[in-house]
Amino acid sequence: MIIRWPARRMPGEPAAGTGAAVSAERALRYLGSTRNIVGCALALLGALAHFLGLAGAFWPVVVAGLYGVGALLAPPDRVRLAVSHAEVETGLLRADLDALLRKVEGSQRFPADVQARLGGLADVLSGVLGRAEVLTISPDHLHIVSQTIRDYLPASLEAYANLPRAYALSRRTDRERSAHEELLAQLDLLEAKLREVAGAVHRGDEQALRDQGRFLRERFGGSDLDL
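Residues numbered from 1 in each chain as written. Predicted model: local features only at pLDDT ≥ 70, side-chain atom pairs only at ≥ 80, totals over all residues. Heavy atoms only, no water.

Notes on the overall build of the chain
Scanning the chain for helices and strands turns up 9 helices and 0 strands. Reading the chain from its N terminus to its C terminus gives the helix and strand order α-α-α-α-α-α-α-α-α. Relative to its 227 residues, the chain shows a buried fraction of 29%. Of all intrachain contacts in the chain linking residues separated by at least 6 positions in sequence, the fraction that spans at least 24 positions is 73%. In the structure as shown, the chain presents an accessible area of about 15000 Å², 60% of it carried by carbon and sulfur atoms. (Helix = DSSP H or I, 4+ residues; strand = E, 2+ residues; numbered from the N terminus. Buried < 20%, exposed > 50% of the residue type's maximum accessible area, 1.4 Å probe, protein only. Contact = heavy atoms within 4.5 Å. Areas by Shrake-Rupley, 256 points an atom, 1.4 Å probe, with all protein chains shown as cover.)

The structure is reproduced here in structure tokens:
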């Protein structure tokens, strides 16, 4: 079996979906919109007026009307059309990683320990890709992640997959690794390097957490009455 790199989706190309999914997405987006929030706030005031005996028998109309007024008069949500280079690049890298993992999972060439090792490596990569803006600030780190997903990993896995299973598991000499052992060693090496990258990427988040803890201790660490 020869592993071939799948064609990547171009930036901006829509993913396959259904009309129902699109409608559900629009509905969820509206639920969190400024118009809906303001409308609901005014409608709650109308309901409160009813409980206080101020809205009369037509309180449902009052509530609905207040919601409509709020939804119409509320400022529209800010539209963000620009997509950052970081989001585009890491999105493509994530798609490439997912495609590679599917190839490996669908193949019978890779033993369970190889797939487990690859899963751990993928977890590290996913965590790093989740911090797109931080990752792309450092060209060196982005280069390592990109090359791992698009070059280093596919090359190692493809070379192993093209070997007969029995040959891959057997040693050549007493001191020479089998192909199976060599692949595991390469995966360990890549994971070790990527954990260094992940540490650098997440260090800023850790510092932000420490800063928040320092603020909370200064704010609430004194007397119970000092709020």
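Focus: the nonpolar core
Leu121, Leu125, Val145, Leu153 and Leu157 are the most contacted members of the largest nonpolar core, which totals 33 residues. Mapped by element, the contributors of at least two residues to this core are helix H4 (85-105), helix H5 (112-129), helix H7 (139-161) and helix H9 (179-220). Not counting residues within four places of it along the chain, the set of residues in contact with valine 145 comprises Leu93, Leu125, Val128, Leu129, Leu135, Leu194 and Val197. (Core = buried A, V, L, I, M, F, W, Y, C linked by side-chain atoms within 4.5 Å.)

Focus: the pattern of salt bridges
Enumeration over the complete set of coordinates arrives at 6 salt bridges. Close ionic contact of aspartate 188 with arginine 117 constitutes a salt bridge, the shortest N to O distance being 2.7 Å. With aspartate 188 in helix H9 and arginine 117 in helix H5, the pair connects residues that are 71 residues apart, well separated along the chain. Under the relative-accessibility criterion, aspartate 188 is labelled partly exposed at 37%. Exposure remark for arginine 117: the relative accessible area of 26% places this residue in the partly exposed category. Linking glutamate 191 and arginine 195 is a salt bridge whose minimum nitrogen-to-oxygen distance equals 2.9 Å. Of this pair, glutamate 191 and arginine 195 both sit in helix H9, separated by 4 residues, roughly a single helical turn. Using a relative accessible area of 14% as the deciding quantity, one classes glutamate 191 as buried. (Salt bridge = Lys/Arg side-chain N within 4 Å of Asp/Glu carboxyl O.)

Let's talk about the environment of valine 69
Looking at the secondary structure, you find valine 69 in helix H3 (residues 59-73). A sequence separation of 27 residues divides valine 69 from leucine 42, and the C-alpha atoms of the two residues are 8.2 Å apart.

Re the side chain of glutamate 191
Engagement of the side chain of glutamate 191 in a polar contact is seen with the side chain of arginine 195, the distance being 2.9 Å. The residues contacting glutamate 191, other than those within four sequence positions of it, are Arg117, Gly120, Leu121 and Val124. (Polar contact = N/O pair within 3.5 Å; in protein donor to acceptor, adjacent residues only side chain to side chain.)

A short note on the side chain of serine 156
Structurally, serine 156 can be placed in helix H7. Within the structure, the side chain of serine 156 is placed 2.6 Å from the side chain of glutamine 186, a separation counted as a polar contact. Excluding its chain neighbours within four sequence positions, the residues that come into contact with serine 156 are Leu183 and Gln186.

Re the packing of H5 against H7
Following both chains from N to C, one finds H5 and H7 inclined at 165°, their axes separated by 11 Å at the closest point. Relative to H7, H5 is oriented roughly antiparallel. Considering how the two elements wind past one another, H5 and H7 form a crossing that is left-handed. Of the residues in H7, those in contact with Leu118, Leu121, Leu125, Val128 and Leu129 of H5 are Val145, Thr148, Ile149, Leu153 and Leu157. Tallied by class, residues from the contact of H5 with H7 come to 9 nonpolar, 1 polar and no charged. (Axes fitted to C-alpha atoms, helices over the stretch in contact; angles between N-to-C directions. Parallel < 35°, antiparallel > 145°, perpendicular 65-115°, else oblique. Left-handed = near helix turned anticlockwise from the far one by under 90°. Nonpolar A, V, L, I, M, F, W, Y, C, P; charged D, E, K, R; others polar.)

Some thoughts on the packing of aromatic side chains
Counting across every chain of the model gives 1 aromatic pair. Taken together, a centroid distance of 5.9 Å and an interplanar angle of 25° make the contact between phenylalanine 110 and tyrosine 160 stacked. Of this pair, phenylalanine 110 sits in the loop between H4 and H5 while tyrosine 160 sits in helix H7; the two residues are 50 residues apart in sequence, bridging distant segments of the chain. (Phe/Tyr/Trp six-rings, centres within 6.5 Å; stacked < 30°, edge-to-face > 60°.)

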